[in-house]
Amino acid sequence: MSAQVKKVLTPLKPVAAVVRSNSALLTTLLFCVIAFSMLPLNLVMKSNVQKRVMNKLNMVLTSSVGQVFLFLLFVCLYVNADVENMVLLLYVLWLSNNQ
């Protein structure tokens, strides 16, 4: 990281530390969302539960508060060099927009 980037990201150090300490929980949460989206529930149930849940998730994530939260989370994952959770987060975002 360059000196200017480190200077800008310094105020986020406490938030990044919290994200780092909860990295395993975040990984589990993102994995569960991905696994839920892949379950063949539409073959078992008459209603499309997955589509409703993913649409609701998309609404939450694309709201103003959701966008700020996602930005801060992504920056904290970058600061922590947590590539695994960055990829999972991007995949969840893609899934929520393409269900």
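Here the structure is shown first, and the text comes after it.
Residues numbered from 1 in each chain as written. Predicted model: local features only at pLDDT ≥ 70, side-chain atom pairs only at ≥ 80, totals over all residues. Heavy atoms only, no water.

A. Region of interest: the overall build of the protein chain. From N to C terminus, the protein chain includes seven helices and zero strands. Reading the protein chain from its N end, one meets helices and strands in the order α-α-α-α-α-α-α. Expected size for 99 residues packed as a compact globule is a radius of gyration near 13 Å; at 16 Å, the protein chain overshoots this value by more than 25%. In terms of its C-alpha atoms, the protein chain occupies a principal-axis envelope of roughly 55 × 25 × 20 Å. For the protein chain, with 99 residues in total, the buried portion stands at 31%. (Helix = DSSP H or I, 4+ residues; strand = E, 2+ residues; numbered from the N terminus. Rg over C-alpha atoms; globule rule 2.2 N^0.38 Å. Buried < 20%, exposed > 50% of the residue type's maximum accessible area, 1.4 Å probe, protein only.)

B. Here's a closer look at helix α7 (residues 83–97). Counted at 1.5 Å a residue, the expected span for α7 with its 15 residues is 21 Å, and the 21 Å between its end C-alpha atoms agrees. Among the residues making up α7, those that are buried are Asn-85, Met-86, Leu-88, Leu-89, Val-92, Leu-95 and Ser-96. Tucked inside the fold, the buried residues of α7 contact α3 (23–38), α5 (49–62) and α6 (64–79). (Expected span 1.5 Å × (residues − 1). Contact = heavy atoms within 4.5 Å.)

C. Quick look at the environment of Cys-76. With respect to the helices and strands, Cys-76 occurs in helix α6. It is 7.3 Å that separates the C-alpha atoms of Cys-76 and Leu-12, two residues lying 64 residues apart in sequence. Residues in contact with Cys-76, not counting those within four places in the same chain, are Val-15, Ala-16 and Val-19.

D. Structural context of the side chain of Ser-23. Tracing the backbone shows Ser-23 in helix α3. Sequence-distant contacts of Ser-23, that is, excluding residues within four places in its chain, are made with Asp-82 and Asn-85.

E. Seen up close, the packing of aromatic side chains. Tallied over the full model, the rule gives one aromatic pair. Pairing Tyr-91 with Trp-94 gives two aromatic rings, centres 5.9 Å apart and planes at 15 degrees, and the pair type is stacked. Separated by three residues within a single helix, Tyr-91 and Trp-94 lie in helix α7, roughly one turn from each other. Tyr-91 sits in the partly exposed class, given a relative accessible area of 31%. (Phe/Tyr/Trp six-rings, centres within 6.5 Å; stacked < 30°, edge-to-face > 60°.)

F. Representation of the side chain of Asn-85. On the secondary structure map, Asn-85 appears in helix α7. In terms of polar contacts, Asn-85 uses its side chain to reach the side chain of Asp-82, at 2.7 Å. Once residues within four sequence positions are removed from consideration, Asn-85 is found in contact with Ser-23, Leu-26, Thr-27, Leu-30 and Leu-77. (Polar contact = N/O pair within 3.5 Å; in protein donor to acceptor, adjacent residues only side chain to side chain.)

G. Structural context of the packing of helix α2 (residues 13–21) against α6. Put simply, α2 and α6 touch, their axes get as near as 9 Å, and they point 80 degrees apart. In this view, α2 runs roughly perpendicular relative to α6, as classed from their interaxial angle. Contacts between α2 and α6 involve Lys-13, Val-15, Ala-16 and Val-19 from the first element and Leu-73, Cys-76, Leu-77 and Val-79 from the second. For the contact of α2 with α6, the per-class residue count stands at seven nonpolar, no polar and one charged. (Axes fitted to C-alpha atoms, helices over the stretch in contact; angles between N-to-C directions. Parallel < 35°, antiparallel > 145°, perpendicular 65-115°, else oblique. Nonpolar A, V, L, I, M, F, W, Y, C, P; charged D, E, K, R; others polar.)

In short, geometric facts, not functional conclusions.
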